Each structure stands twice: as C-alpha cells, then as structure tokens.
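# Chain and residue survey
Single-letter residue listing:
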Amino acid sequence: MRITAVTCVKNEGPFLLEWIAFNRLLGVTDFLFYSNDCTDGTDVLLDALADQGGVVHLPNPAKGRNYQMEALKNAAKQDVVKQADWVWVADVDEFLNIHVGDHTIPALIKACGNPQTISVTFQFFANGGVEGFEDRPVIEQFTRSHNPDLWCGETAIEVKSLVRKDFPLQYYGAHRPFFKDKLAKEKRPSWTDGAGRPVQHKFLVAANPRRIRKFPANGARAFATLNHYALRSLDSYLVKNDRGDVNRENRNFDDTYWKERNDGSYEDRSILRYLPDLTAAMDAFRADPVIGPLHEDCVRLHREKRDQLMADQTYAGLYGHLRELPPYPPGEYELMLELGLEPEPMPEPELAS
C-alpha cells in the first residue's frame, strides 16, 4: 500500500525527524512537503531528506494568499499524490494514534471496512507546564489533554482525513476532501469516522457551515485519535507565535489560542506505544552524517530565535503572561471561582532522564 502524507511547513525544523519517523511507523511511504520563508533550516533539512528518497520538497506556490489551500491544489497534480493508494493531509504537530491491530494505517483502514475516506477526530494536548524546549519526542513530553469528547464546551470537534485514491475528488481541503455538489447520490463516497461509523449526512455533503470540518467526538475515536500538539513547550510556542500561522499570511496567535488548547484535565498516554520504535528511528536519523548535523542546526536556530524573542520586551511580556495563565479553558476557571471551588493543581511536567 502506498500512502502519501502531505503537509505545509514554516520553521518546523526541530520537529521534522520525529514526524517523518512516526508516520513511517504508521505505514506512510511517501511525503510531500511544501515550505515557505524558512529561517531555521527547515528547507535545507528537507532538501537533504529528499536526496535520500521518499520525501518530495517543493516551495509553496502561494503568492500572498492562503498558503495551505494553494499548496493542496498543487499537491493534487503531483505524481507522489496521484500515484498513492491513500493520501493523508496533516500538519507536523499532528500525530495519528491508531488503537487497532498493529497500530498502522492499513490496520485502521481494515477496521473501518476500507471506505473511501476516514475522518479522525482531534484531541488537543496541553502544554502541561513545560517551559523549556527539549530535543526529544513531543509525544513523550505532552500527555495531558482536554476531555476527548468535549473541547471548550463543544461536542463537535475538528477532524483530519485519510483519502482513498478513488474518492470522487473536486479538491483536497485541509480537514476533509470535497466532491462536487451535483454528484449523484449513488456516486457519493463511502466515508467513516475513526470508529468505522458512517459520518453524518450533513458533514458528508458539506451542508452545515458550522460543521463543514467537524462532527461530535463522542464514540468517534474507537479505532484512532488525532493527537494535536498545538502548543508544545512555552519556548516553542513563542517561536510559533513569531512565525505566524502557516495557513494564512500575517496571522499571529494571541492568548485565546493558548487558553483554548491548554486544558490538561485528562491524561492519555496511549500513543507512547510507538515510543520505543520511534526513538530508535530518530537515533538512526541523528546518526546519519548529513541528516544529523542539519537537525542539530535546526535545534540551535530554534533556541537562538527563542533567545532573540525573549530579548524583546513585547515577547518577554507574552511569555510571562502565558506562563501565569490558569491551565483551564475559557469559562471553566471563572466558573470554579464563582462556585467557590478550589482548582486542582496540575501535575508537574516530566523531566528528561
């Protein structure tokens, strides 16, 4: 089975090797990366990985527009996508955690009955009090998240999608593929959630603007969950805030984005099943005489950017502000205070051994 992962990156250098190694454990055979305006060695490292095979690296074709959507339009024309049996569109901070069989994408496809699309529900992982950036697996450092069925009071949570080659594609979206509105009912694709259940009709036909890329999470993750590490360490979040959002030009994050995703009320360590094999694969990358030094350059430049930002009063203030925010989603902390409930202290972050 040939599975191609498609993603857009900007200054994600320190995290590339983990994401590639992890997805290869899942059965991903090919990668298509689009990069733009990188200053941390991301593009140089991707070029070196491309030289070794299995990775295609292209400049993002967008011209001051929506970076991700323009790249996805281009991706549909690339051989590495056209020749794939399945296409997986995701970001470098998103990890597909498969709970069935041998925990690979083929096992997930089999469990879901081999539909033409599988949409897997997000689970947002909190910062967990981790301030300093460490060059070790993200999936190991961050194990706390919101209640998987609820996020900021919403029962409908966003998804990302695996797409089979015979899907009647009009275009790839960042969260789900789309087919033409006038497609005959009998030609509509078979489409399941991460529990192998048919997705809701309004989601299928994109008829509900509020839920064009999400549906209720309850019961939707029996076979797979999409772990989203949107915050990582406070150091890395500061660098991410400076970088802006890969989806759009000149869009920064404020404390709302942080507060919404920094809900650590639930612990989920299930993805650590991959950690031994992931660690071995990353060690092999680091031992490579070309890849290893380029990764170290990315790590160094990431830390230097953090130091540079902390020398700026505005960013230093943002860092301090985020560090002092309570680790609860909007509304929950205020409600606890109103009811006179003492918030439970969050566990101390695990330190590297």
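Structural data are supplied above this passage.
In short, a report on the structure. Remember, it's a predicted structure, so these values are computed and weren't measured experimentally.

Regarding its fold elements, the chain presents 13 helices and 14 strands. Radius of gyration (C-alpha) of the chain: 20 Å, near the 20 Å computed for a compact globule of 353 residues. Each principal axis of the C-alpha distribution contributes one length, and for the chain these read about 55 × 55 × 40 Å. When each of the 353 residues of the chain is scored for burial, the buried share is 53%. Both charge centroids of the chain, one from 42 positive and one from 52 negative side chains, sit 10 Å from each other.

Helix α8 (residues 234–243) sits mainly inside the fold: nine of its ten residues count as buried. Restricting attention to buried positions, one finds in α8 the residues Leu 234, Asp 235, Ser 236, Tyr 237, Leu 238, Val 239, Lys 240, Asn 241 and Arg 243. Of the surrounding elements, those touching the buried residues of α8 are α9 (255–261), α11 (291–310) and α12 (313–324).

Throughout the structure, instances matching the rule amount to 17 aromatic pairs. Between the aromatic rings of Phe 125 and Tyr 229, the centroid separation amounts to 5.0 Å while the plane-to-plane angle is 35°, which identifies the pairing as tilted. With Phe 125 in the loop between β6 (117–124) and α6 (138–141) and Tyr 229 in the loop between β13 (224–228) and α8, this residue pair connects regions lying 104 residues apart in the sequence. A relative accessible area of 1% means that Phe 125 is categorised as buried. You can call Tyr 229 buried: its relative accessible area is 1%. Ring centres 5.5 Å apart and planes at 80° place the aromatic pair Trp 191 and Phe 203 in the edge-to-face group. Separated by twelve residues along the polypeptide, Trp 191 in strand β11 (residues 191–193) and Phe 203 in helix α7 (residues 201–204) bring together distant segments of the chain. We classify Trp 191 as buried; its relative accessible area is 4%. The ring of Phe 178 has Arg 176 lying over it, and the distance from NZ or CZ to the ring centre is 4.5 Å.

This part takes up the pairing of β13. Across the five residues of β13, five count as buried, placing the element largely inside the fold. With burial as the criterion, each face of β13 is covered, one bearing Ala 224, Leu 226 and His 228 and the other bearing Thr 225 and Asn 227. Bridge count between β6 and β13: three bridges; the pairing is parallel. Among the inter-strand pairings, Gln 123 is bridged to a residue of β13, identified as Asn 227.

Each value, and the rule that gives it
- Residues numbered from 1 in each chain as written.
- Predicted model: local features only at pLDDT ≥ 70, side-chain atom pairs only at ≥ 80, totals over all residues.
- Heavy atoms only, no water.
- Helix = DSSP H or I, 4+ residues; strand = E, 2+ residues; numbered from the N terminus.
- Rg over C-alpha atoms; globule rule 2.2 N^0.38 Å.
- Buried < 20%, exposed > 50% of the residue type's maximum accessible area, 1.4 Å probe, protein only.
- Lys, Arg positive; Asp, Glu negative; His and termini not counted.
- Charge placed at Lys NZ, Arg CZ, Asp CG, Glu CD.
- Contact = heavy atoms within 4.5 Å.
- Phe/Tyr/Trp six-rings, centres within 6.5 Å; stacked < 30°, edge-to-face > 60°.
- Lys NZ or Arg CZ within 6 Å of the ring centre and 35° of its normal.
- Pairing = 2+ DSSP bridges.

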